[in-house]
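Listed below are the residues making up each chain.
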Amino acid sequence: MAPEEQRRAQATLIAALLGFFVITLDAVVVNVALPTLAHDLSAGVDGLQWVVDGYTLMFGALLLSAGALVDRIGARRAFGMGLAVFVAASLACGWAPTLAMLIAARLAQGIGAAAMMPASMALIRQAYPDPIRRGQAVALWAMGGSVAATSGPVIGGWLVALDWRWIFFINLPVGLLTLAFLARTPASPCRPAPFDAMGQVTAVLAMGALIYGAIEAGVLGLGAAPVWSAFILALLALTAFVWSQRRGAHPMVPSGLLAPRNARISMAVGFTFMVGYFGLPFVMSLYLQQHRGLSAPQTGAAFLPMMLIGLVLTPFSARLVQRFGARPLIVTGLVSMAAGLAAVAALPASAPVPVIAALMVLVGLAGPLVAPPVTAVLLSSVPGALAGTASGVFNTSRQVGGALAVAVFGALLAQAPSFMAGLRISLLVAAGIALITAIMGMGLQPANTPAMAERT
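For the structure given in this document, a descriptive report is provided here. Computed from a predicted structure; not experimentally measured.

With that settled, consider the environment of Y212. Here Y212 lies in helix 9 (residues 197–220). A relative accessible area of 34% means that Y212 is categorised as partly exposed. Residues within four places of Y212 in sequence aside, it is in contact with W50, P226 and A230.

What follows is the structure, encoded as C-alpha coordinates:
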(Lines give C-alpha, C1' and ligand atoms only; values in the text may rest on other atoms or scores of the structure.)
Protein backbone atom coordinates (compact mmCIF):
# COMPACT_ATOMS: atom_id res chain seq x y z
CA MET A 1 0.00 0.00 0.00
CA ALA A 2 1.40 3.39 -1.04
CA PRO A 3 2.16 5.93 1.74
CA GLU A 4 -0.71 8.20 0.72
CA GLU A 5 -3.12 5.28 0.56
CA GLN A 6 -1.86 4.14 3.96
CA ARG A 7 -2.54 7.56 5.48
CA ARG A 8 -6.03 7.65 3.99
CA ALA A 9 -6.74 4.14 5.23
CA GLN A 10 -5.61 5.11 8.74
CA ALA A 11 -7.82 8.21 8.67
CA THR A 12 -10.75 6.08 7.56
CA LEU A 13 -10.15 3.59 10.35
CA ILE A 14 -9.92 6.34 12.99
CA ALA A 15 -13.14 7.92 11.75
CA ALA A 16 -14.95 4.56 11.82
CA LEU A 17 -13.53 3.72 15.26
CA LEU A 18 -14.55 7.08 16.76
CA GLY A 19 -18.02 6.69 15.26
CA PHE A 20 -18.44 3.24 16.79
CA PHE A 21 -17.14 4.61 20.09
CA VAL A 22 -19.77 7.34 20.43
CA ILE A 23 -22.56 5.05 19.20
CA THR A 24 -21.74 2.52 21.92
CA LEU A 25 -21.03 5.17 24.54
CA ASP A 26 -24.47 6.74 24.19
CA ALA A 27 -26.12 3.36 24.67
CA VAL A 28 -24.51 2.87 28.11
CA VAL A 29 -23.49 6.28 29.45
CA VAL A 30 -27.04 7.41 30.20
CA ASN A 31 -27.73 4.73 32.81
CA VAL A 32 -25.81 6.41 35.62
CA ALA A 33 -27.59 9.71 34.84
CA LEU A 34 -31.11 8.31 35.30
CA PRO A 35 -31.65 9.32 38.95
CA THR A 36 -30.40 12.83 38.19
CA LEU A 37 -32.71 13.06 35.18
CA ALA A 38 -35.60 11.90 37.33
CA HIS A 39 -34.93 14.77 39.73
CA ASP A 40 -34.14 17.54 37.26
CA LEU A 41 -36.85 16.74 34.69
CA SER A 42 -39.47 15.33 37.09
CA ALA A 43 -39.38 11.99 35.29
CA GLY A 44 -40.99 8.79 36.48
CA VAL A 45 -39.67 5.32 35.76
CA ASP A 46 -41.60 5.23 32.47
CA GLY A 47 -39.97 8.48 31.33
CA LEU A 48 -36.53 7.16 32.21
CA GLN A 49 -37.29 4.00 30.24
CA TRP A 50 -38.00 6.06 27.14
CA VAL A 51 -34.76 8.01 27.58
CA VAL A 52 -32.90 4.70 27.33
CA ASP A 53 -35.17 2.90 24.87
CA GLY A 54 -35.81 5.79 22.49
CA TYR A 55 -32.22 5.59 21.31
CA THR A 56 -32.04 1.79 21.28
CA LEU A 57 -35.38 1.35 19.53
CA MET A 58 -34.65 3.60 16.55
CA PHE A 59 -31.09 2.33 16.30
CA GLY A 60 -32.18 -1.30 16.17
CA ALA A 61 -35.24 -0.85 13.95
CA LEU A 62 -33.51 1.21 11.26
CA LEU A 63 -30.44 -1.03 11.10
CA LEU A 64 -32.55 -3.39 8.99
CA SER A 65 -32.54 -1.03 6.01
CA ALA A 66 -29.54 1.18 6.78
CA GLY A 67 -27.32 -1.08 4.68
CA ALA A 68 -29.40 -0.29 1.60
CA LEU A 69 -28.93 3.44 2.28
CA VAL A 70 -25.16 2.96 2.52
CA ASP A 71 -25.11 1.17 -0.82
CA ARG A 72 -27.30 3.78 -2.52
CA ILE A 73 -25.48 6.96 -1.49
CA GLY A 74 -22.06 5.59 -0.59
CA ALA A 75 -20.50 4.76 2.77
CA ARG A 76 -18.70 8.08 3.22
CA ARG A 77 -21.80 10.18 2.57
CA ALA A 78 -24.03 7.92 4.70
CA PHE A 79 -21.54 8.04 7.57
CA GLY A 80 -21.26 11.83 7.33
CA MET A 81 -25.04 12.30 7.24
CA GLY A 82 -25.52 9.94 10.17
CA LEU A 83 -22.77 11.70 12.11
CA ALA A 84 -24.36 15.11 11.47
CA VAL A 85 -27.75 13.88 12.69
CA PHE A 86 -26.16 12.20 15.70
CA VAL A 87 -24.19 15.27 16.80
CA ALA A 88 -27.14 17.65 16.25
CA ALA A 89 -29.38 15.32 18.23
CA SER A 90 -26.75 15.12 20.98
CA LEU A 91 -26.76 18.90 21.28
CA ALA A 92 -30.56 18.84 21.41
CA CYS A 93 -30.35 16.24 24.20
CA GLY A 94 -27.99 18.46 26.16
CA TRP A 95 -30.16 21.56 25.75
CA ALA A 96 -33.49 19.74 26.28
CA PRO A 97 -35.59 21.74 28.80
CA THR A 98 -38.21 19.01 29.20
CA LEU A 99 -38.35 15.24 29.33
CA ALA A 100 -40.42 15.07 26.12
CA MET A 101 -37.79 17.01 24.18
CA LEU A 102 -35.02 14.83 25.58
CA ILE A 103 -36.84 11.67 24.47
CA ALA A 104 -37.45 13.15 20.99
CA ALA A 105 -33.75 14.00 20.69
CA ARG A 106 -32.80 10.50 21.81
CA LEU A 107 -34.96 9.08 19.02
CA ALA A 108 -33.07 11.28 16.55
CA GLN A 109 -29.77 10.08 18.01
CA GLY A 110 -30.82 6.52 17.25
CA ILE A 111 -31.57 7.44 13.64
CA GLY A 112 -28.09 8.89 13.19
CA ALA A 113 -26.46 5.90 14.86
CA ALA A 114 -28.33 3.49 12.56
CA ALA A 115 -26.81 5.17 9.51
CA MET A 116 -23.32 5.32 10.99
CA MET A 117 -23.03 1.69 12.09
CA PRO A 118 -23.11 -0.14 8.71
CA ALA A 119 -21.35 2.77 7.01
CA SER A 120 -18.39 2.46 9.36
CA MET A 121 -17.95 -1.19 8.44
CA ALA A 122 -18.28 -0.40 4.73
CA LEU A 123 -15.63 2.32 5.04
CA ILE A 124 -13.20 -0.16 6.56
CA ARG A 125 -13.88 -2.67 3.80
CA GLN A 126 -13.28 0.06 1.22
CA ALA A 127 -10.04 1.24 2.84
CA TYR A 128 -8.56 -2.24 3.41
CA PRO A 129 -9.12 -4.50 0.39
CA ASP A 130 -6.55 -7.00 1.69
CA PRO A 131 -8.38 -9.53 3.93
CA ILE A 132 -5.56 -9.77 6.49
CA ARG A 133 -5.21 -6.00 6.92
CA ARG A 134 -8.99 -5.68 6.97
CA GLY A 135 -9.23 -8.23 9.77
CA GLN A 136 -6.70 -6.28 11.82
CA ALA A 137 -8.61 -3.05 11.15
CA VAL A 138 -11.92 -4.61 12.18
CA ALA A 139 -10.34 -5.83 15.41
CA LEU A 140 -9.20 -2.27 16.21
CA TRP A 141 -12.66 -0.95 15.25
CA ALA A 142 -14.28 -3.43 17.63
CA MET A 143 -11.99 -2.28 20.42
CA GLY A 144 -13.57 1.17 20.10
CA GLY A 145 -16.90 -0.32 21.12
CA SER A 146 -15.30 -2.33 23.93
CA VAL A 147 -13.56 0.73 25.35
CA ALA A 148 -16.81 2.71 25.19
CA ALA A 149 -18.77 -0.05 26.92
CA THR A 150 -16.09 -0.33 29.60
CA SER A 151 -15.53 3.36 30.24
CA GLY A 152 -19.14 4.48 29.67
CA PRO A 153 -20.38 4.15 33.26
CA VAL A 154 -17.25 5.81 34.66
CA ILE A 155 -17.28 8.63 32.10
CA GLY A 156 -21.00 9.09 32.66
CA GLY A 157 -20.56 9.19 36.42
CA TRP A 158 -17.97 11.95 36.32
CA LEU A 159 -19.82 13.98 33.70
CA VAL A 160 -23.07 13.74 35.68
CA ALA A 161 -21.17 15.05 38.71
CA LEU A 162 -20.53 18.21 36.66
CA ASP A 163 -23.91 18.35 34.90
CA TRP A 164 -25.89 15.53 33.26
CA ARG A 165 -26.05 17.56 30.05
CA TRP A 166 -22.35 16.97 29.49
CA ILE A 167 -22.95 13.28 28.77
CA PHE A 168 -24.46 14.53 25.49
CA PHE A 169 -22.35 17.64 24.88
CA ILE A 170 -19.21 15.48 24.93
CA ASN A 171 -20.30 14.13 21.54
CA LEU A 172 -19.66 17.51 19.89
CA PRO A 173 -15.83 17.54 20.09
CA VAL A 174 -15.69 13.81 19.32
CA GLY A 175 -17.99 14.37 16.35
CA LEU A 176 -15.91 17.23 15.00
CA LEU A 177 -12.74 15.15 15.35
CA THR A 178 -14.44 12.28 13.53
CA LEU A 179 -15.53 14.63 10.75
CA ALA A 180 -11.95 15.88 10.34
CA PHE A 181 -10.72 12.34 9.74
CA LEU A 182 -13.69 11.55 7.51
CA ALA A 183 -12.73 14.49 5.28
CA ARG A 184 -9.51 12.65 4.44
CA THR A 185 -11.42 9.53 3.38
CA PRO A 186 -11.80 8.86 -0.36
CA ALA A 187 -15.27 9.07 -1.86
CA SER A 188 -17.22 5.83 -1.70
CA PRO A 189 -18.80 4.08 -4.66
CA CYS A 190 -22.58 3.93 -4.98
CA ARG A 191 -24.70 1.14 -6.38
CA PRO A 192 -28.42 0.54 -6.80
CA ALA A 193 -29.92 -1.16 -3.75
CA PRO A 194 -33.59 -2.08 -3.23
CA PHE A 195 -35.42 -0.61 -0.25
CA ASP A 196 -38.12 -2.61 1.49
CA ALA A 197 -40.45 0.21 2.59
CA MET A 198 -43.23 -2.12 3.73
CA GLY A 199 -40.83 -4.18 5.82
CA GLN A 200 -39.21 -1.14 7.40
CA VAL A 201 -42.48 0.57 8.34
CA THR A 202 -44.03 -2.57 9.82
CA ALA A 203 -40.80 -3.37 11.71
CA VAL A 204 -40.77 0.08 13.35
CA LEU A 205 -44.48 -0.22 14.18
CA ALA A 206 -44.08 -3.70 15.68
CA MET A 207 -41.05 -2.80 17.79
CA GLY A 208 -42.38 0.58 18.86
CA ALA A 209 -45.81 -0.74 19.85
CA LEU A 210 -44.29 -3.63 21.77
CA ILE A 211 -41.94 -1.38 23.75
CA TYR A 212 -44.71 1.18 24.34
CA GLY A 213 -47.07 -1.49 25.64
CA ALA A 214 -44.44 -2.92 27.98
CA ILE A 215 -43.55 0.50 29.39
CA GLU A 216 -47.16 1.60 29.83
CA ALA A 217 -47.96 -1.69 31.55
CA GLY A 218 -45.82 -0.47 34.43
CA VAL A 219 -47.87 2.71 34.69
CA LEU A 220 -51.40 1.59 33.84
CA GLY A 221 -51.28 -2.16 34.46
CA LEU A 222 -51.62 -5.02 32.00
CA GLY A 223 -55.41 -4.72 31.87
CA ALA A 224 -55.43 -1.11 30.63
CA ALA A 225 -56.88 -0.48 27.17
CA PRO A 226 -53.83 1.46 25.85
CA VAL A 227 -51.59 -1.43 26.85
CA TRP A 228 -53.64 -4.10 25.13
CA SER A 229 -54.15 -1.86 22.12
CA ALA A 230 -50.39 -1.46 21.80
CA PHE A 231 -49.81 -5.21 22.02
CA ILE A 232 -52.50 -5.88 19.41
CA LEU A 233 -50.93 -3.29 17.11
CA ALA A 234 -47.54 -4.92 17.63
CA LEU A 235 -48.98 -8.33 16.71
CA LEU A 236 -50.70 -6.96 13.60
CA ALA A 237 -47.56 -5.10 12.51
CA LEU A 238 -45.44 -8.21 13.09
CA THR A 239 -47.87 -10.27 11.00
CA ALA A 240 -47.67 -7.70 8.22
CA PHE A 241 -43.87 -7.71 8.48
CA VAL A 242 -43.69 -11.50 8.14
CA TRP A 243 -46.08 -11.39 5.19
CA SER A 244 -44.03 -8.68 3.46
CA GLN A 245 -40.83 -10.67 3.93
CA ARG A 246 -42.37 -13.76 2.36
CA ARG A 247 -44.07 -11.98 -0.54
CA GLY A 248 -41.84 -8.98 -1.17
CA ALA A 249 -39.46 -8.83 -4.10
CA HIS A 250 -36.56 -7.53 -1.98
CA PRO A 251 -37.15 -8.53 1.66
CA MET A 252 -34.88 -7.27 4.42
CA VAL A 253 -34.93 -10.75 5.98
CA PRO A 254 -34.63 -13.29 3.12
CA SER A 255 -36.38 -16.61 3.68
CA GLY A 256 -33.13 -18.57 3.63
CA LEU A 257 -31.47 -16.46 6.32
CA LEU A 258 -32.97 -18.32 9.27
CA ALA A 259 -33.07 -21.76 7.63
CA PRO A 260 -29.86 -23.04 9.30
CA ARG A 261 -30.38 -24.08 12.90
CA ASN A 262 -27.20 -22.30 13.98
CA ALA A 263 -28.55 -19.04 12.55
CA ARG A 264 -31.81 -19.34 14.49
CA ILE A 265 -30.06 -20.18 17.74
CA SER A 266 -27.53 -17.37 17.24
CA MET A 267 -30.34 -14.83 16.75
CA ALA A 268 -32.01 -16.07 19.94
CA VAL A 269 -28.75 -15.87 21.87
CA GLY A 270 -28.11 -12.33 20.64
CA PHE A 271 -31.59 -11.26 21.76
CA THR A 272 -31.60 -12.90 25.19
CA PHE A 273 -27.97 -12.05 25.98
CA MET A 274 -28.85 -8.36 25.83
CA VAL A 275 -31.76 -8.86 28.23
CA GLY A 276 -29.33 -9.43 31.09
CA TYR A 277 -26.42 -7.37 29.80
CA PHE A 278 -28.55 -4.27 29.19
CA GLY A 279 -31.21 -4.76 31.84
CA LEU A 280 -28.84 -5.16 34.78
CA PRO A 281 -27.20 -1.70 34.52
CA PHE A 282 -30.64 -0.09 34.20
CA VAL A 283 -32.06 -1.47 37.46
CA MET A 284 -28.80 -1.43 39.40
CA SER A 285 -28.07 2.22 38.53
CA LEU A 286 -31.40 3.20 40.06
CA TYR A 287 -30.82 0.95 43.06
CA LEU A 288 -27.28 2.09 43.85
CA GLN A 289 -28.10 5.80 43.67
CA GLN A 290 -31.69 6.01 44.90
CA HIS A 291 -31.58 3.27 47.53
CA ARG A 292 -27.94 3.03 48.57
CA GLY A 293 -27.07 6.72 48.34
CA LEU A 294 -24.10 6.37 45.97
CA SER A 295 -23.07 9.31 43.83
CA ALA A 296 -22.96 9.04 40.05
CA PRO A 297 -19.14 8.60 39.99
CA GLN A 298 -19.35 5.94 42.70
CA THR A 299 -22.05 4.12 40.74
CA GLY A 300 -19.91 4.21 37.61
CA ALA A 301 -17.00 2.78 39.59
CA ALA A 302 -19.22 -0.06 40.84
CA PHE A 303 -19.85 -1.11 37.23
CA LEU A 304 -16.18 -0.84 36.25
CA PRO A 305 -15.13 -4.44 37.18
CA MET A 306 -18.08 -5.86 35.21
CA MET A 307 -17.19 -3.86 32.12
CA LEU A 308 -13.40 -4.21 32.51
CA ILE A 309 -13.52 -8.00 32.26
CA GLY A 310 -14.94 -7.64 28.77
CA LEU A 311 -12.22 -5.23 27.68
CA VAL A 312 -9.50 -7.55 28.97
CA LEU A 313 -10.82 -10.83 27.56
CA THR A 314 -12.39 -9.76 24.25
CA PRO A 315 -9.03 -9.69 22.37
CA PHE A 316 -8.57 -13.36 23.33
CA SER A 317 -12.03 -14.53 22.23
CA ALA A 318 -10.82 -15.81 18.85
CA ARG A 319 -8.04 -17.87 20.47
CA LEU A 320 -10.47 -19.32 23.00
CA VAL A 321 -12.84 -20.34 20.20
CA GLN A 322 -9.98 -22.04 18.36
CA ARG A 323 -9.00 -23.98 21.46
CA PHE A 324 -12.37 -24.86 23.01
CA GLY A 325 -14.90 -24.29 20.25
CA ALA A 326 -17.69 -21.71 20.10
CA ARG A 327 -20.45 -23.78 21.70
CA PRO A 328 -18.71 -24.41 25.08
CA LEU A 329 -17.80 -20.72 25.37
CA ILE A 330 -21.32 -19.52 24.56
CA VAL A 331 -22.96 -21.95 26.98
CA THR A 332 -20.43 -21.15 29.71
CA GLY A 333 -20.94 -17.42 29.24
CA LEU A 334 -24.73 -17.70 29.47
CA VAL A 335 -24.51 -19.90 32.58
CA SER A 336 -22.13 -17.37 34.12
CA MET A 337 -24.60 -14.61 33.34
CA ALA A 338 -27.48 -16.57 34.88
CA ALA A 339 -25.43 -17.26 38.01
CA GLY A 340 -24.41 -13.62 38.37
CA LEU A 341 -27.94 -12.29 37.92
CA ALA A 342 -29.37 -14.80 40.38
CA ALA A 343 -26.61 -14.10 42.92
CA VAL A 344 -27.20 -10.33 42.81
CA ALA A 345 -30.95 -10.92 43.15
CA ALA A 346 -30.37 -13.08 46.24
CA LEU A 347 -28.27 -10.47 48.06
CA PRO A 348 -29.82 -8.63 51.00
CA ALA A 349 -30.67 -4.98 50.44
CA SER A 350 -27.75 -3.96 52.69
CA ALA A 351 -25.10 -6.03 50.89
CA PRO A 352 -21.72 -4.29 50.61
CA VAL A 353 -21.26 -2.54 47.29
CA PRO A 354 -17.91 -4.31 46.61
CA VAL A 355 -19.72 -7.64 46.89
CA ILE A 356 -22.33 -6.46 44.38
CA ALA A 357 -19.60 -5.27 42.03
CA ALA A 358 -17.78 -8.61 42.30
CA LEU A 359 -20.90 -10.63 41.51
CA MET A 360 -21.72 -8.42 38.53
CA VAL A 361 -18.39 -9.52 37.05
CA LEU A 362 -20.07 -12.88 36.35
CA VAL A 363 -22.48 -11.03 34.06
CA GLY A 364 -19.65 -9.07 32.45
CA LEU A 365 -17.79 -12.31 31.79
CA ALA A 366 -20.58 -13.32 29.42
CA GLY A 367 -19.62 -10.46 27.09
CA PRO A 368 -16.35 -11.87 25.70
CA LEU A 369 -17.54 -15.49 26.05
CA VAL A 370 -20.82 -15.01 24.18
CA ALA A 371 -20.85 -11.99 21.86
CA PRO A 372 -17.82 -12.60 19.57
CA PRO A 373 -18.27 -16.41 19.31
CA VAL A 374 -21.99 -16.26 18.56
CA THR A 375 -21.38 -13.62 15.89
CA ALA A 376 -18.80 -15.90 14.28
CA VAL A 377 -21.19 -18.85 14.43
CA LEU A 378 -23.93 -16.83 12.76
CA LEU A 379 -21.74 -15.58 9.94
CA SER A 380 -20.35 -19.07 9.31
CA SER A 381 -23.84 -20.57 9.09
CA VAL A 382 -25.20 -18.37 6.28
CA PRO A 383 -24.05 -17.96 2.66
CA GLY A 384 -21.46 -15.26 2.11
CA ALA A 385 -23.90 -13.19 0.06
CA LEU A 386 -26.16 -12.91 3.13
CA ALA A 387 -23.41 -12.04 5.62
CA GLY A 388 -24.23 -8.32 5.67
CA THR A 389 -27.95 -8.94 5.97
CA ALA A 390 -27.39 -11.50 8.72
CA SER A 391 -25.24 -9.03 10.64
CA GLY A 392 -27.93 -6.33 10.37
CA VAL A 393 -30.72 -8.64 11.55
CA PHE A 394 -28.52 -9.96 14.36
CA ASN A 395 -27.69 -6.48 15.64
CA THR A 396 -31.35 -5.52 15.43
CA SER A 397 -32.28 -8.53 17.55
CA ARG A 398 -29.67 -7.47 20.11
CA GLN A 399 -30.96 -3.90 20.31
CA VAL A 400 -34.58 -5.04 20.59
CA GLY A 401 -33.59 -7.45 23.37
CA GLY A 402 -31.97 -4.64 25.33
CA ALA A 403 -34.86 -2.23 24.76
CA LEU A 404 -37.45 -4.82 25.77
CA ALA A 405 -35.48 -5.64 28.92
CA VAL A 406 -35.52 -2.00 30.03
CA ALA A 407 -39.24 -1.76 29.24
CA VAL A 408 -40.21 -4.94 31.10
CA PHE A 409 -37.87 -4.40 34.05
CA GLY A 410 -39.13 -0.86 34.47
CA ALA A 411 -42.70 -2.15 34.48
CA LEU A 412 -41.79 -4.74 37.12
CA LEU A 413 -40.16 -2.05 39.27
CA ALA A 414 -43.30 0.08 39.01
CA GLN A 415 -45.82 -2.70 39.65
CA ALA A 416 -44.02 -4.67 42.37
CA PRO A 417 -44.91 -4.09 46.06
CA SER A 418 -41.47 -2.54 46.60
CA PHE A 419 -38.44 -1.52 44.56
CA MET A 420 -36.36 -4.41 45.92
CA ALA A 421 -39.08 -6.88 45.03
CA GLY A 422 -39.21 -5.53 41.48
CA LEU A 423 -35.42 -5.61 41.24
CA ARG A 424 -35.23 -9.22 42.38
CA ILE A 425 -38.01 -10.34 40.04
CA SER A 426 -36.36 -8.57 37.11
CA LEU A 427 -32.97 -10.13 37.71
CA LEU A 428 -34.42 -13.59 38.29
CA VAL A 429 -36.40 -13.34 35.04
CA ALA A 430 -33.22 -12.38 33.21
CA ALA A 431 -31.35 -15.25 34.90
CA GLY A 432 -34.02 -17.73 33.84
CA ILE A 433 -33.94 -16.47 30.25
CA ALA A 434 -30.13 -16.76 30.16
CA LEU A 435 -30.28 -20.31 31.51
CA ILE A 436 -32.92 -21.36 28.96
CA THR A 437 -30.82 -19.84 26.19
CA ALA A 438 -27.76 -21.73 27.47
CA ILE A 439 -29.72 -24.95 27.03
CA MET A 440 -30.64 -23.84 23.51
CA GLY A 441 -26.99 -23.05 22.87
CA MET A 442 -26.08 -26.68 23.48
CA GLY A 443 -27.83 -27.40 20.18
CA LEU A 444 -25.30 -25.38 18.20
CA GLN A 445 -23.42 -27.46 15.65
CA PRO A 446 -19.63 -27.32 15.37
CA ALA A 447 -18.52 -25.27 12.38
CA ASN A 448 -16.94 -28.25 10.63
CA THR A 449 -19.95 -30.57 10.71
CA PRO A 450 -21.33 -31.81 7.39
CA ALA A 451 -24.70 -30.20 8.12
CA MET A 452 -23.14 -26.78 8.37
CA ALA A 453 -20.92 -27.34 5.38
CA GLU A 454 -23.95 -28.08 3.26
CA ARG A 455 -25.66 -24.88 4.34
CA THR A 456 -22.66 -22.64 3.75
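Alright, that's what it looks like, and here's the rest.
Counting across every chain of the model gives two cavities of 30 Å³ or more. In this structure, the largest cavity occupies an estimated 50 Å³ of space. Where the lining of the largest cavity is concerned, the elements lending two or more residues are helix 11 (261–291) and helix 17 (419–441). Its volume calculated, the second largest cavity comes out at about 30 Å³. Every residue along the wall of the second largest cavity is listed here: T56, L57, M207, I211, Q399, V400 and A403.

Turning next to the side chain of S317. Relative to the helices and strands, S317 is located in helix 13 (residues 317–324). Residue contacts for S317: discarding those within four places in its chain leaves L329, P368 and P372.

Turning our attention to the nonpolar core. Judged by nonpolar contacts, the single largest core of 139 residues is most densely connected at L37, L102, M284 and L427. With 16 residues, the single largest contributor to this core is helix 11. With residues up to four places along the chain from it excluded, the contact list for L37 reads V30, S42, A43, L48, V51, L102 and W164.

Time to look at the packing of aromatic side chains. Throughout the structure, instances matching the rule amount to eight aromatic pairs. With centroids separated by 5.7 Å and ring planes inclined at 80 degrees, the aromatic side chains of W166 and F169 adopt a geometry described as edge-to-face. Note that W166 and F169 are positioned in helix 7 (residues 166–169) at a spacing of three residues, about one turn of the helix. Under the relative-accessibility criterion, F169 is labelled buried at 15%. When the ring of F273 is compared with that of Y277, the centres are 5.0 Å apart and the planes differ by 20 degrees; the resulting orientation is stacked. Of the two residues, F273 and Y277 both sit in helix 11, four residues apart, roughly one turn of that helix. Comparing F273 with Y277 shows no difference in burial state: the two are buried. Every member of this aromatic cluster is reached through a ring pair, and the members are Y55, F59 and F86.

For helix 17, spanning 23 residues, the distance from its first C-alpha to its last is 33 Å, which sits close to the expected 33 Å at 1.5 Å a residue. For helix 17, the complete set of buried residues consists of F419, M420, G422, L423, S426, L427, A430, A431, A434, T437, A438 and G441.

If a probe the size of a water molecule is rolled over the atoms, the empty space left behind becomes visible. Here the second largest pocket is characterised by a volume of approximately 720 Å³. In terms of residue count, the dominant contributor to the lining of the second largest pocket is helix 10 (residues 225–247) (seven residues). Its residues assigned to classes, the lining of the second largest pocket comprises 18 nonpolar, four polar and one charged.

What the rule picks out here adds up to one salt bridge. R106 is paired through a salt bridge with D26; the nearest N and O atoms lie 3.9 Å apart. Here D26 lies in helix 1 (residues 3–28) and R106 lies in helix 5 (residues 99–127), a separation of 80 residues in the sequence. Take R106 and D26: they sit in the same class, and that class is buried.

What follows is about the packing of helix 3 (residues 45–73) against helix 11. At a closest axis distance of 12 Å, the pairing of helix 3 and helix 11 adopts a crossing angle of 155 degrees. Between helix 3 and helix 11, the interaxial angle falls into the category roughly antiparallel. Judged by the sense of rotation from one axis to the other, the crossing of helix 3 with helix 11 is right-handed. Listed contacts from helix 11 to L48, Q49, V52 and T56 of helix 3 are F278, F282 and L286. When grouped by side-chain class, the residues that make up the contact of helix 3 with helix 11 number five nonpolar, two polar and no charged.

You can see G221 is positioned in the loop between helix 9 and helix 10. Take G221: its relative accessible area is 12%, and that puts it in the buried class. If we skip the residues at most four places from it in the chain, G221 touches E216, V227 and Q415.

Here is what the cut-offs are and how they apply
- Residue numbers here run from 1 along each chain, matching the order of that chain's written sequence.
- Note on the predicted model: pLDDT of at least 70 is required for a residue's local features to be given, and 80 or more for side-chain atom pairs to be given and counted; whole-chain, interface and lining totals, by contrast, use all residues.
- By convention in this description, side-chain values take in all heavy atoms of the structure and omit both hydrogens and water.
- Numbering of helices and strands runs from the N terminus; a helix is a DSSP stretch of H or I covering at least four residues, while a strand is a stretch of E covering at least two.
- Only protein chains enter the calculation, and the probe is 1.4 Å; a residue is then buried if its accessible area is under 20% of its type maximum, exposed if over 50%, and partly exposed in between.
- Residues are treated as being in contact if the distance between any of their heavy atoms lies within 4.5 Å.
- Think of a 1 Å grid over the protein atoms and nothing else: a 1.4 Å probe that fits but is trapped marks a cavity, an open set flanked by protein within 12 Å on at least five of seven lines marks a pocket, and residues with an atom within 4 Å of a point count as lining.
- Grid points are joined across faces, edges and corners, and a volume is the space filled by probe spheres set on the points.
- In these notes, a set of buried Ala, Val, Leu, Ile, Met, Phe, Trp, Tyr and Cys residues joined through side-chain atoms within 4.5 Å is what counts as a nonpolar core.
- Stacked, tilted and edge-to-face pairs are distinguished by plane angle, under 30 degrees for stacked and over 60 for edge-to-face with tilted covering the rest, among Phe, Tyr and Trp rings (Trp via its six-membered ring) whose centres lie within 6.5 Å.
- A helix is expected to span 1.5 Å for every residue after the first.
- Three categories are distinguished: nonpolar for Ala, Val, Leu, Ile, Met, Phe, Trp, Tyr, Cys and Pro, charged for Asp, Glu, Lys and Arg, and polar for the others, with Gly belonging to the last.
- In what follows, salt bridge is the name for a side-chain nitrogen of Lys or Arg lying within 4 Å of a carboxyl oxygen of Asp or Glu.
- Angular values range over 0 to 180 degrees, each being the angle between N-to-C directions of two axes fitted as lines to C-alpha atoms, with helices fitted over their stretch in contact.
- Small angles under 35 degrees read as roughly parallel and large ones over 145 as roughly antiparallel, with 65 to 115 read as roughly perpendicular and the rest as oblique.
- Note on convention: the crossing is left-handed when the near helix lies turned anticlockwise from the far helix by less than a right angle, right-handed when the turn is clockwise.

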